[in-house]
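Structural features, examined
Residue-level listing of the chains:
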Amino acid sequence: MKKNKSEKRIKLNINFIPVEGDVIETIGKALEPNISSILAKHGASLKMGLTEILRNHVKG
């Protein structure tokens, strides 16, 4: 695909916050409601929890 010259890069500031306990579970709990609502708008849903999906794809 060819990029349009009018496209601009968005600069994001990422702040890392120390988390007690399981980091993957914390990220999953934060993202799952938004992902589920977007999928529901399209008549779809996750067949397994987001935390399990993240665990299957994490490196390290």
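The structure contained in this document is the topic of the report that follows. (Residues numbered from 1 in each chain as written. Predicted model: local features only at pLDDT ≥ 70, side-chain atom pairs only at ≥ 80, totals over all residues. Heavy atoms only, no water.)

Focus on the overall build of the protein
The condition that has to hold: Secondary structure elements follow DSSP: runs of H or I of four or more residues count as helices, runs of E of two or more count as strands, with numbering from the N terminus. Type-normalised accessible area, obtained with a 1.4 Å probe on protein chains alone, sets the label of each residue: buried when under 20%, exposed when over 50%, and partly exposed for intermediate values. Using a 1.4 Å probe, the Shrake-Rupley method yields the accessible areas, and only the shown protein chains count as cover for residues.
Looking only at helices and strands, one finds two helices and zero strands in the protein. Across the 60 residues of the protein, 7% fall into the buried class. Carbon and sulfur atoms provide 57% of the accessible area of the protein, an area that totals close to 6300 Å².

Topic: the pattern of salt bridges
For side chains bearing opposite charge, pairing can occur when the charged atoms are close. In plain terms, the rule: Any Lys or Arg side-chain nitrogen found within 4 Å of a carboxyl oxygen on Asp or Glu counts as a salt bridge.
Tallied over the full model, the rule gives two salt bridges. Across the salt bridge formed by Glu25 and Lys29, the nearest N and O atoms sit 3.3 Å from each other. Here Glu25 pairs with Lys29, and both are found in helix H1 (residues 23-41), just four residues apart, close to one helical turn.

Some remarks on a nonpolar patch on the surface
We apply this condition: In this analysis, a patch consists of residues with relative accessible area above 30% that form no salt bridge, clustered at 9 Å for like charges and at 5 Å for the nonpolar side chains Val, Leu, Ile, Met, Phe, Trp and Tyr.
A cluster of nonpolar side chains, Ile10, Leu12, Ile14 and Phe16, forms an exposed patch at the surface whose accessible area comes to about 580 Å². The topology assignment puts Leu12 in the segment before H1. By relative accessible area, which is 67% here, Leu12 ends up exposed.

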